[in-house]
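Close look at the chain arrangement
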Amino acid sequence: MEFDFVVLGAGSAGCALASGLAASGKGTVCVLEAGRSDAVPQVKIPFGLLYTMGSRRDWRYKSAPQESATSRNLTVNRGKMLGGSSSINSMVWFRGRRDDFDNWNMPEWSWANVVADFEEVEAVISPRRLPDPHDISEAFGLSLGSNGLAPPIPERESAGVFHTNMRNGRRWSAADAFLRPAQNSGRCEVLTQANVNRIEFENDRAKRVLLVDGRIITARRGIILSAGSIGSPAILMRSGIGPADHLQEIGIQVLRNAPGVGGNLHDHPTIGVHHKGANSGYGLTLDQTLAWAASPLHWLLRRKGRLTSNFVEAGAFFRAAPIGDDGDARPDVQTHFIPYMMGYNGRKITTGSGFFADVGVCRPTSRGSLTLSSKNPHDPPDIDLGLLSDVADVTILVAGFKRLREILARAQFGAHAAPEVFPAKSVVTDDEIEDYIRSHCGTAYHPVGTLAMGRDVHPVAPDLKLKHVEGLWVADASVMPQITSANTNAPSMMIGHKAAKIISNQS
């Protein structure tokens, strides 16, 4: 099989990229997706994310033991189907802060030069307020003052019900918004269950993609890596581009020594608190049995009700750490509010009614790395998130956890109020909070940075070309030199959309 452009990955960025390339008229496009179709109810129904995470439509990665987090192996959920993680996530829509992009120190990616791309993506996605939030989510949305019907934003302290990429009460993923219209144009072909082994080169030019099952796809004009911050660097290293010492150690012939490949891995670290009490939120209780039983019909007939919940219904941005000598008063933490009784102490689901809220660092400074465990494409990579390796992140989390408790205590929950049950009174002092963070923290499932773009030592140039080779670009969250201050799905789609313009102009 031969095409002009071959896109590796049908995730948030890859779908937007394929749409733009197909619309450009510059040639045929083939999108390779390792996973399956997304055409199943548990993907389309927002509440179904409870069942897709950890399923065969999830890569189900585990991190390496995190030394600064009691050597735990953390879950790293990544979508493995059409739409990628936009088919498995909570659909929360945030661009990030304006200065997130300015601080990348690349004029091409400054806020002034990406805002139009966000607007063009949003014209297709149409993010809007969660259609039927729980009353307790509405109450939490007022915890930092009224924000009207607007969502909270990381530009200032604010709370509110989230905006999401749903349409008519169902998930509207990148595959729905971008990939299927591209397929309908006749200029884009999509292959599912097409797991990529490596890229093959001729005279330092990317020419072919070798699939795990032995199939070969040839690219006349170029190949674009859009397999995400885990998949893209792993494919590149299996192709012989990465840290030379590491590649030689596992028996891969080095095509190009690129020490930055797989480095700079980071994510938003989070820590949560659980509340439990009668009538406080959704849960498995006798008095909610009829409501749960009726919910499928409610969704089918009216596209409303509890099955339209994305779990993460509301949240906030606020300043946790004191303003430093530099006068930085930006919100430094984000809260996700979930109006459900969630399990704790290792239990995913438990009986009772309750709610959960977490706090996460907006701009973490801890860094990890991704390496290969072997040259076998069936073996998952070694994912060291470097979680809490910089004590500055711990300091912010301790302060953020304390303020989150204060916000929850003041929130006007009325009849839905419920006491904290975990960690509760066993965790009060700063030292106890720090111990709790290290033993229970996770991430927001926003890995970025493993193929960071920049002008110096970074492996990817600002025009998204992989340095020192031809015909190979990267377009996904791996190119972010620094994570944005909120959920990363919208920026990932923006990167894919912008990449299509860049690549079309170069080809």
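Worth saying up front: this structure is predicted, and the values here are computed from it rather than measured. (Residues numbered from 1 in each chain as written. Predicted model: local features only at pLDDT ≥ 70, side-chain atom pairs only at ≥ 80, totals over all residues. Heavy atoms only, no water.)

**Let's talk about the overall build of the protein**
The number of helices and strands found in the protein is 13 helices and 25 strands. Against the compact-globule benchmark of 23 Å for 507 residues, the protein has a radius of gyration of 22 Å, which places it among compact chains. When its C-alpha atoms are laid out on the principal axes, the protein stretches across 70 × 55 × 40 Å. Each of the 507 residues in the protein was classed as buried or not, and the buried ones make up 61%. Taking contacts inside the protein between residues at least 6 apart in sequence as the whole, the part at least 24 apart equals 72%. When the accessible surface of the protein is summed, it comes to about 19300 Å², and 51% of that surface belongs to carbon and sulfur atoms. Mean positive and mean negative side-chain charge positions of the protein (53 and 51 charges, respectively) differ by 7 Å. (Helix = DSSP H or I, 4+ residues; strand = E, 2+ residues; numbered from the N terminus. Rg over C-alpha atoms; globule rule 2.2 N^0.38 Å. Buried < 20%, exposed > 50% of the residue type's maximum accessible area, 1.4 Å probe, protein only. Contact = heavy atoms within 4.5 Å. Areas by Shrake-Rupley, 256 points an atom, 1.4 Å probe, with all protein chains shown as cover. Lys, Arg positive; Asp, Glu negative; His and termini not counted. Charge placed at Lys NZ, Arg CZ, Asp CG, Glu CD.)

**Overview of the environment of Glu249**
For Glu249, the position within the fold is in helix H9 (residues 244-249). In this structure Glu249 comes out as exposed when scored by relative accessible area, which is 67%. Sequence spacing of Glu249 and Ser374 is 125 residues, and the spatial spacing of their C-alpha atoms is 9.2 Å.

**Brief notes about unusual backbone geometry**
With an omega dihedral of 5°, the bond running from Phe422 to Pro423 counts as a cis peptide bond. Residue Asn264 is not a glycine yet carries a positive backbone phi of 65°. Note on placement: Asn264 falls in the loop between strand E15 (256-257) and strand E16 (269-276). Classification of Asn264 as partly exposed rests on a relative accessible area of 23%.

**Quick word on the pattern of salt bridges**
Under the defined criterion, the tally for this structure stands at 27 salt bridges. Of the charged contacts, one joins Arg319 and Asp332 as a salt bridge, the two residues approaching to 3.6 Å between their closest N and O atoms. Highlighted residues: Arg319 in the loop between strand E18 (314-318) and strand E19 (333-338) and Asp332 in the loop between E18 and E19, separated in sequence by 13 residues. Judged on exposure class, the residue Arg319 and its partner Asp332 are both buried. (Salt bridge = Lys/Arg side-chain N within 4 Å of Asp/Glu carboxyl O.)

**Quick look at helix H13 (residues 489-506)**
A rise of 1.5 Å per residue sets the reference length of H13, with its 18 residues, at 26 Å; its end C-alpha atoms lie 26 Å apart and thus fit the reference within 8%. Counted residue by residue, H13 has 15 buried out of 18 residues, so it is predominantly covered. (Expected span 1.5 Å × (residues − 1).)

**Some details on a nonpolar patch on the surface**
On the surface, a cluster of nonpolar side chains totalling about 350 Å² of accessible area is made up of Leu297, Leu300 and Leu301. On the secondary structure map, Leu300 appears in helix H10 (residues 289-302). Take Leu300: its relative accessible area is 55%, and that puts it in the exposed class. (Patch = residues over 30% accessible without salt bridge, like charges linked within 9 Å, V, L, I, M, F, W, Y side chains within 5 Å.)

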